[in-house]
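Topology and contacts: notes
In case you want the letters, here they are:
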Amino acid sequence: AQVDSKFIIVKTECEKLLAVDQHAADERVALEKLEHALFCADSHDGLEVRMTKRKLLGHDILKQSAVYPPNRVALSTSQVQTLRHNFILLQKWKFSFEKEPRTDDRSIVITGLPSICGRVAGLDDFFEILAELNHFRGGEIRPAFVKRILASQAF
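This section reports on the structure supplied with the text. Predicted model, so just to flag it, every value in this text is computed and none were measured.

A sheet is described by the order of its strands in space; here three strands give the open sequence E1-E2-E3, paired in antiparallel fashion. Each of the sheet's edge strands pairs with one partner strand only, and the pair in question is strand E1 (2-3) and strand E3 (17-21). Pairing analysis gives five bridges linking strand E2 (residues 7-11) to E3, with the strands arranged antiparallel. Bridged to Lys 11 within E3 is Leu 17. Set on the sheet, helix H1 (residues 22-39) makes contact with E1, E2 and E3; between it and E3 the angle comes to about 65°.

Right under this line is the structure:
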């Protein structure tokens, strides 16, 4: 049964009644579709993700956005080591940077940041992923900033 066009009432096998918030359930399904399209190896650029109010193609979920003007940042020794060790992974997540010419080995120039569903990550997100990668020991990483952006887009 449906109540007030907002809730679905379900009776379980244990004779319990559950009220399911339709809007929350729809958002959860949309989030899972976005996560699958972005994180799963079997997804592809032509994959279409349908949500309640819009649809996205796989290649529109994660793009790179140029930083203009490029942003010079100083890194700690630990951050430099993390960056070097995870260079390919950072590129996969659409971060791009160059070594700052004529400076110490701890300065880089950020030239590109990821754009997830049209929302561009910030420098704070770059430092956050460096911190995550510092503790990363292999396997699949799902950056916190990506999960936050996807959750905000699942409507």
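After presenting the structure, the write-up continues.
A cluster of nonpolar side chains, namely Ile 8, Val 10, Leu 18 and Val 20, defines an oily patch on the protein surface of about 270 Å² accessible area. Only E2 and E3 provide two or more residues apiece to the nonpolar patch. Leu 18 gets classed as partly exposed once you look at its relative accessible area, which sits at 45%.

So, about the pattern of salt bridges. For the structure shown, the criterion picks out three salt bridges. Between Asp 125 and Arg 148 there is a salt bridge, with the nearest N and O atoms lying 3.2 Å from each other. You can see Asp 125 sitting in helix H5 (residues 123-134) and its partner Arg 148 sitting in helix H6 (residues 144-153), a full 23 residues away along the chain. The exposure class of Arg 148 is partly exposed, given its relative accessible area of 43%. For Glu 128, the salt bridge goes to Arg 148, with nearest N and O atoms at 3.0 Å. Residue Glu 128 is found in helix H5, and its partner Arg 148 is found in helix H6; the two are separated by 20 residues along the sequence. Residue classification places Glu 128 among the partly exposed residues on the basis of a relative accessible area of 27%. The network of salt bridges with shared partners includes Asp 125, Glu 128 and Arg 148.

Our next topic: the packing of aromatic side chains. The full count for this structure, using the stated rule, is five aromatic pairs. Measuring from ring centre to ring centre gives 5.7 Å for Phe 95 and Phe 145, while their planes differ by 70°; the resulting arrangement is edge-to-face. Remark: Phe 145 occurs in helix H6 and Phe 95 occurs in the loop between helix H4 (87-92) and strand E7 (96-99); sequence separation between them is 50 residues. Across the pair, exposure class does not vary: Phe 95 and Phe 145 are buried alike. Where Phe 126 meets Phe 127, the ring centres are 5.5 Å apart and the plane angle is 70°; that geometry is what we call edge-to-face. Owing to a relative accessible area of 26%, Phe 127 belongs among the partly exposed residues under this scheme.

Definitions and limits used
- Residues numbered from 1 in each chain as written.
- Predicted model: local features only at pLDDT ≥ 70, side-chain atom pairs only at ≥ 80, totals over all residues.
- Heavy atoms only, no water.
- Pairing = 2+ DSSP bridges.
- Helix = DSSP H or I, 4+ residues; strand = E, 2+ residues; numbered from the N terminus.
- Contact = heavy atoms within 4.5 Å.
- Axes fitted to C-alpha atoms, helices over the stretch in contact; angles between N-to-C directions.
- Patch = residues over 30% accessible without salt bridge, like charges linked within 9 Å, V, L, I, M, F, W, Y side chains within 5 Å.
- Areas by Shrake-Rupley, 256 points an atom, 1.4 Å probe, with all protein chains shown as cover.
- Salt bridge = Lys/Arg side-chain N within 4 Å of Asp/Glu carboxyl O.
- Buried < 20%, exposed > 50% of the residue type's maximum accessible area, 1.4 Å probe, protein only.
- Phe/Tyr/Trp six-rings, centres within 6.5 Å; stacked < 30°, edge-to-face > 60°.

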